[in-house]
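Each chain is listed here by its residues.
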Amino acid sequence: MSEDGFTWHAGGCHCGGVRFEVALPEVAPAQTCNCSMCAKTGFIHLIVPESRFRLTKGAERLVEYTFNTRVAKHLFCAECGIKGFYRPRSNPDGWSVNARCLDEAVKLDLTAFDGQNWEANADQLAHLSLEPS
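I will try to describe carefully the structure that is included in this document. Every value quoted in this text rests on a predicted model; they were computed, and no experiment measured them.

1. As for the nonpolar core
- In this structure, Phe-20, Leu-24, Leu-46, Phe-53, Phe-85, Val-97 and Leu-102 are the most contacted members of the largest nonpolar core, which totals 20 residues.
- At the level of elements, β2 (19-24), β3 (27-33), β4 (44-49), β7 (73-77) and β9 (94-98) are the ones that each hand at least two residues to this core.
- Ignoring any residue separated from it by four or fewer positions in sequence, one finds Leu-102 in contact with His-9, Ala-10, Gly-11, Phe-20, Val-22, Leu-24, Leu-46 and Val-97.
- Core analysis: the next-biggest nonpolar cluster, separate from the first, contains eleven residues, Cys-33, Cys-35, Phe-43 and Leu-128 among them.

Okay, here's the thing in structure tokens:
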């Protein structure tokens, strides 16, 4: 555990062309979501502030997909198609990392998020990308 209570964890896409790191507490708050995108991909959200995410390899391989309001920036590896992280609409100042794309399992405090009713529930996520005080 680092001084600030967070430990850096590495992850990446299937082919290894995109690599990243995310700083998480010992037990990380995470969300499952039932929206059309997350339900189909099995994405488990670890939403973090900008300062707790770093792309370490493969920026040139990332392709972007947007839909609906076009605010969320879904980023995929152009080689293998895996989305290890993206810029979420609920937290455009942070990142949502897929816990399933981390190299090693982390302890999660998992909650369900009703993304099918996103507008009514998005405020439940807004605090997750705030910098720790």
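2. A word on the side chain of Gln-31
- On the secondary structure map, Gln-31 appears in strand β3.
- Contacts of Gln-31, omitting those with residues within four sequence positions, involve Phe-43, Ile-44, His-45, Ile-47, Leu-110, Thr-111, Phe-113, Leu-125 and Leu-128.

3. A closer look at the side chain of Ser-96
- Looking at where Ser-96 falls in the secondary structure, it is placed in strand β9.
- According to the relative accessible area criterion, Ser-96 is buried, its value standing at 0%.
- Within the local environment of Ser-96, its side chain forms a polar contact with the side chain of His-45, the two groups lying 2.7 Å apart.
- When near neighbours in sequence (up to four residues on either side) are disregarded, Ser-96 contacts Phe-43, His-45, Leu-46, Ile-47, Gly-84, Phe-85, Tyr-86 and Pro-88.

4. Looking at the packing of aromatic side chains
- Evaluation of the coordinates by the stated rule reveals seven aromatic pairs.
- The interplanar angle of 50 degrees and the centroid separation of 4.8 Å between the aromatic rings of Phe-53 and Phe-85 together place this pair among those described as tilted. Here the residue Phe-53 occupies a position in strand β5 (residues 53-57), and Phe-85 occupies one in strand β8 (residues 85-87), the gap between them amounting to 32 residues.
- Under the relative-accessibility criterion, Phe-85 is labelled buried at 3%.
- An aromatic cluster is present here, built from Phe-20, Phe-53, Phe-85 and Trp-95 joined pairwise through their rings.
- Taking NZ or CZ as reference, Lys-83 lies 4.8 Å from the ring centre of Phe-43, over its face.

5. Regarding the pattern of salt bridges
- Across all of its chains, the model carries four salt bridges by this definition.
- Between Glu-21 and Arg-54 there is a salt bridge, with its nearest N and O atoms 2.4 Å apart. Pair noted here: Glu-21 is in strand β2 and Arg-54 is in strand β5, with a separation of 33 residues, a long-range link.
- Among the residues examined, Arg-54 registers a relative accessible area of 37% and is labelled partly exposed.

Parameters and conventions
Each chain carries its own residue numbering, running from 1 in the written order of its sequence. Two thresholds apply to this predicted model, a pLDDT of at least 70 for residue-level local features and 80 or more for giving and counting side-chain atom pairs, whereas whole-chain, interface and lining totals are computed over all residues. Processing note: side-chain calculations cover all non-hydrogen atoms of the structure and skip hydrogens and water entirely. Only buried Ala, Val, Leu, Ile, Met, Phe, Trp, Tyr and Cys residues count toward a nonpolar core, and they belong to the same one when joined by side-chain atoms within 4.5 Å. To sort residues, take the accessible area from a 1.4 Å probe on protein chains only and compare it with the maximum for the residue type: under 20% means buried, over 50% means exposed, and anything in between is partly exposed. The way it works is that DSSP assigns letters per residue, a run of H or I at least four long becomes a helix, a run of E at least two long becomes a strand, and they are numbered from the N terminus. A contact between two residues is defined here by any heavy atoms of the two lying within 4.5 Å. Any N or O atom pair separated by 3.5 Å or less is treated as a polar contact, with the protein-specific requirement of one donor-capable and one acceptor-capable atom, and with residues adjacent in sequence counted only for side-chain atom pairs. A pair of aromatic rings is counted whenever rings of Phe, Tyr or Trp (Trp by its six-membered ring) have centres within 6.5 Å, and the orientation is called stacked for planes under 30 degrees apart, edge-to-face for over 60 and tilted otherwise. Comment: the charge-over-ring label is applied if NZ (Lys) or CZ (Arg) is within 6 Å of the ring centre and within 35 degrees of the ring normal. Here, a salt bridge means any side-chain nitrogen of Lys or Arg that lies within 4 Å of a carboxyl oxygen of Asp or Glu.

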